[in-house]
Amino acid sequence: MQQELAKIVGDAYVRPGSQFVYSGEETFFADRGSVECVVQPASADEVAEVVFWCYSNDVTITPRGGGTGWAGGAVPQGAGVALSLERLTAVRSFDPLRWRIEVEAGVTTATVQRLARENGLYFPPDPGAPEESLIGGNVATNAGGPHCFKYGVTGDWVTGLEAVIAPGELIRIGGPTRKDVAGYDLVSLMTGSEGTLGVITSVWLRLIPAAGPSLPVAAFYRDAASGAAAIEAVMSAGPIAAAIEYLDERTLQIAGGGFPGGVPAGAGFLLIADCDSGEADRAALREALAEGAIAEPTAPDDPESLWRWRDGMGLVVASELGTKLSDDIAVPLDRLAEAIERTVEIGKQHSIEACSWGHAGDGNLHSTFMLDPNDELAVRRAVAAGDELMAMAIELGGTISGEHGIGLAKNGWLHKQWGGPASRAHEAIKQALDPKNLMNPGKKLT
Ligand SMILES: Cc1cc2nc3c(=O)[nH]c(=O)nc-3n(C[C@H](O)[C@H](O)[C@H](O)COP(=O)(O)OP(=O)(O)OC[C@H]3O[C@@H](n4cnc5c(N)ncnc54)[C@H](O)[C@@H]3O)c2cc1C
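Scope of this entry: the structure provided in the associated data block. One numbering rule holds for all chains: residues counted from 1, following each sequence as written. Whole-chain, interface and lining totals are the exception, using all residues; otherwise, since this is a predicted model, local features are given only for residues with pLDDT of at least 70 and side-chain atom pairs are given and counted only at 80 or more. Side-chain measures were taken over the full set of non-hydrogen atoms in the model, leaving aside hydrogen atoms and water.

Looking now at the packing of helix α1 (residues 2-9) against helix α2 (residues 44-56). Orientation of α1 relative to α2, taken along the N-to-C sense of each, is 160 degrees, at an axis distance of 9 Å. Judged on the interaxial angle alone, α2 and α1 are roughly antiparallel. As α1 packs across α2, the resulting crossing turns out to be right-handed. Contacts from E4, L5, I8 and V9 in α1 reach E46, E49, V50 and W53 in α2. To obtain an axis, a line is fitted to C-alpha atoms, over the contacting stretch when the element is a helix, and the angle between two such axes runs from 0 to 180 degrees between their N-to-C directions. Note on conventions: DSSP H or I runs of at least 4 residues are helices, E runs of at least 2 residues are strands, and numbering of each starts at the N terminus. Each angle gets one of four labels, with under 35 degrees taken as roughly parallel, over 145 as roughly antiparallel, 65 to 115 as roughly perpendicular, and the rest as oblique. Crossing handedness is defined as follows: a turn of the near helix away from the far one that is anticlockwise and smaller than a right angle gives a left-handed crossing, while the clockwise case is right-handed. Any two residues whose heavy atoms approach within 4.5 Å at even a single point are treated as in contact.

This brings us to the side chain of Q40. Note on placement: Q40 falls in the loop between β2 (37-39) and α2. In this scheme, a residue with accessible area under 20% of its type's maximum is buried, one over 50% is exposed, and one in between is partly exposed, where area comes from a 1.4 Å probe on protein chains only. The class for Q40 is buried, based on a relative accessible area of 3%. Counting of polar contacts relies on pairs of N or O atoms within 3.5 Å, with two restrictions inside protein: one atom must be capable of donating a hydrogen and the other of accepting it, and residues adjacent in sequence are counted only when both atoms are side-chain atoms. Only 2.9 Å separates the side chain of Q40 from the side chain of R15, close enough to count as a polar contact. Once residues lying within four places of it in the same chain are set aside, the contact partners of Q40 are V9, A12, Y13, R15, Y22, S84, E86 and R87.

Omega for the bond connecting A166 with P167 falls within 30 degrees of zero, at 5 degrees, which places this linkage in the cis form. Structurally, the position occupied by P167 is in the loop between β8 (158-165) and β9 (169-174). The phi angle at E194 is positive, at roughly 55 degrees, despite the residue not being glycine. Looking at the element boundaries, E194 is found in the loop between α6 (186-190) and β10 (199-206). Phi at K444 takes a positive value of approximately 65 degrees, unusual for a residue other than glycine. Checked against the element boundaries, K444 lands in the segment after α15 (420-433). You can call K444 buried: its relative accessible area is 15%.

What follows deals with the sheet that holds strand β15 (residues 323-326). At least two DSSP bridges between two strands are required for those strands to pair. Here 6 strands make up an open sheet; going across it, the order is β12-β14-β13-β16-β17-β15 and the pairing antiparallel. Whereas interior strands pair on both sides, the edge strands pair on one side only; in this sheet they are β12 (217-221) and β15. Ignoring strand direction, the axes of neighbouring strands in this sheet form an average angle of 20 degrees. Relative to strand β14 (residues 269-274), strand β13 (residues 243-248) is paired through 6 bridges, and the arrangement is antiparallel.

Neighbouring residues are identified by heavy atoms, a residue being near a molecule or strand if any of them is within 4 Å of it. Near the ligand lie 35 residues; those nearest to it are P63, G65, G66, T68 and G69. Side-chain polar atom of T68 to an oxygen atom of the ligand: 2.7 Å apart, as the coordinates give it. Between a nitrogen atom of the ligand and a side-chain N or O atom of E403, the distance comes to 3.1 Å. Accessible surface is estimated by sampling points in the Shrake-Rupley manner with a 1.4 Å probe; for residues, cover comes only from the protein chains shown. Coverage of the ligand by the protein chains reaches 95% of its 970 Å² of free accessible surface. Of the residues forming the shell around the ligand, the biggest block, 5 residues, is contributed by helix α4 (residues 135-141). Tallied by class, the residues present in the shell around the ligand amount to 12 nonpolar, 19 polar and 4 charged. Domain start and end points were adopted from an automatic or database domain assignment. Counting residues domain by domain, the shell around the ligand receives three or more from each of domain 1 (2-84) and domain 2 (91-209). Under the grouping applied here, Gly and all other residues not named as nonpolar or charged are polar, the nonpolar ones being Ala, Val, Leu, Ile, Met, Phe, Trp, Tyr, Cys and Pro and the charged ones Asp, Glu, Lys and Arg.

Time to look at the pairing of strand β5 (residues 91-95). Look at any regular strand and the pattern is simple: side chains alternate between the two faces of the sheet. Sheet analysis places β5 next to strand β6 (residues 100-104), joined by 4 bridges and oriented antiparallel. Paired with V91 across the bridge in β6 is V103. Adjacent in sequence and paired antiparallel, β5 and β6 are bridged by 4 residues, among which W99 carries a positive phi angle near 55 degrees.

Next up on the list: the packing of helix α12 (residues 336-349) against helix α13 (residues 376-395). For the pair α12 and α13, interaxial distance at closest approach is 10 Å and the crossing angle is 150 degrees. The angle between α12 and α13 falls in the class roughly antiparallel. Of the two possible hands of crossing, α12 and α13 adopt the one that is right-handed. In this structure, α12 contributes A339, R342, T343, I346 and Q349 to the contact, and α13 contributes A385, E388, L389, M392 and E395.

Below, the discussion takes up the sheet that holds β8. Across the sheet, which stays open at both edges, the 5 strands sit in the order β5-β6-β10-β8-β9 with antiparallel pairing between neighbours. Taken across any chain shown, the strands that pair with only one partner, and hence form the sheet edges, are β5 and β9. Neighbour-to-neighbour, the strand axes of this sheet turn through a mean angle of 10 degrees, independent of strand direction. Relative to β10, β6 is paired through 5 bridges, and the arrangement is antiparallel. Bridging from a neighbouring strand, E104 pairs with S202 of β10.

Helix span is expected to be 1.5 Å times the residue number reduced by one. For helix α7 (residues 224-237), built from 14 residues, the straight-helix expectation of 20 Å at 1.5 Å per residue is met to within 8% by its first-to-last C-alpha distance of 20 Å. When we look at burial in α7, the residues that qualify are A224, S226, G227, A228, A230, I231, A233 and V234. Against β12, β13, β14, α9 (279-289) and α12 lie the buried residues of α7. Positive backbone phi, approximately 130 degrees, marks G238, located one or two places after α7.

Inspection of the secondary structure puts P216 in the loop between β11 (208-209) and β12. For the pair P216 and E49, spaced 167 residues apart in sequence, the C-alpha to C-alpha distance is 49 Å. Sequence-distant contacts of P216, that is, excluding residues within four places in its chain, are made with I272, A273, D274, R282, T298, A299, P300, P303, L306 and W307.

Before going further, it helps to spend a moment on the environment of A71. Mapped onto the elements of the fold, A71 is located in the loop between β3 (61-64) and β4 (81-84). Each C-alpha atom of the pair A71 and V234 lies 32 Å from the other, and the pair is 163 residues apart in sequence. Filtering out sequence-adjacent residues up to four positions away, A71 remains in contact with E25, T27, H404, G405, I406, G407, L408 and A409.

Here the focus is the pattern of salt bridges. Only one rule defines a salt bridge in this text: a Lys or Arg side-chain nitrogen within 4 Å of an Asp or Glu carboxyl oxygen. Counted according to the given criterion, the structure contains 22 salt bridges. A salt bridge links E4 to K7; the shortest N-O distance between them is 3.2 Å. Of this pair, E4 and K7 both sit in helix α1, 3 residues apart, which is roughly one turn of the helix. Under the relative-accessibility criterion, K7 is labelled exposed at 65%. Through salt bridges that share partners, R92, E102, E104, E162 and R172 make up one connected network.

Here it is in structure tokens:
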């Protein structure tokens, strides 16, 4: 296999599969992968040739971006090739005056954000590992982030893409046009497909003029219920928040030491809302957040360090006991407080420490079970608690994934969420585009 693939990409770009860096990921599932070899094509044409060879020889393909995923999607299962997109780094076209850019799948999220910023523009999706995650991975997971509350998730910014589908054909769908309703919405179908329908090789993205500077407001509440009520007050006050993030009581105990200005006594819940539309809107936001707060909301004067602190939350919580099993359920906003409280209850029932933080405005929780990775009983408890969390999300009318996708982590749950004809429609699409089930098998639909 390696010799055949080397004829396409060159000897230097076919590596043995034992290279752990290409079989793992940021998750709990990182040590579960194995693969025969890693292939690193340099162009969309080479990707097509690799896929053609794999498809002709019944070899499975696991597409891989930056490996920052949190659902085990890039963790290969058993055999085949890990197909890394990291060498597809060209900016194919950038037209700042028309607010659009076409980049190859291996360009980092941070590069897209920086190119936009340097030209007075803005690419709003802001998943939390921008220096490592690749834009192809962002589109394949339909990634979110704090500012998706105001601006929408990655898919809302994709106007077209190029992908290789079975048995090795390059397709281009959508493009620089801002509107295109001609066909079935294949761009959206590929977006969030987690490598199970094809390999994305480049994407056309929409940009907008730069937003104003970040003007955050922070407010503490006694509990999740009063915090959730404040979110509703913010929403009814008008379209002024660019992001609304929360930390629950246990997360505050773990990470609150790093919060600028400290955490007031009696605080059991923190909301941080961002405003990027000027001081008048920030004042309105502050007023709305005051409802039910235990102290006057504050306006931190160093937004950059505040957001850095917020971005590091996952690592800080993971280091409490050694690791964590963290999920990304999302629920309707009127069930948010209940979901936060029940996350802690589920932890108690399974004798495992639980907490949550996340994108409150989107009803998106990073419900987390903390554990020592060497404690097998704790691992089993965390997995059981994770299952109960999925069931709760469905019961509350929400979803098992608001951000990270299904991957391996939530195997089996998609069918429980959708069931019946909707599940069968999913399977029919997979069968039509990947009849041999060689595209990232064992993920999303299993
Ligand atoms: C510190 C940290 C913070 C994070 N914060 C957020 C957050 O706020 N919001 C959020 O949504 N996520 C977040 N994530 C998760 C992760 O960064 C995103 O899911 C990201 O979009 C994954 O991109 P990647 O390039 O690393 O993809 P990978 O992890 O390599 O792959 C993810 C999935 O996409 C598939 N894939 C990758 N590239 C392609 C391609 N070109 N074509 C087809 N399939 C492909 C893979 O097979 C896999 O199924 C965070 C992760 C970390 C480590």
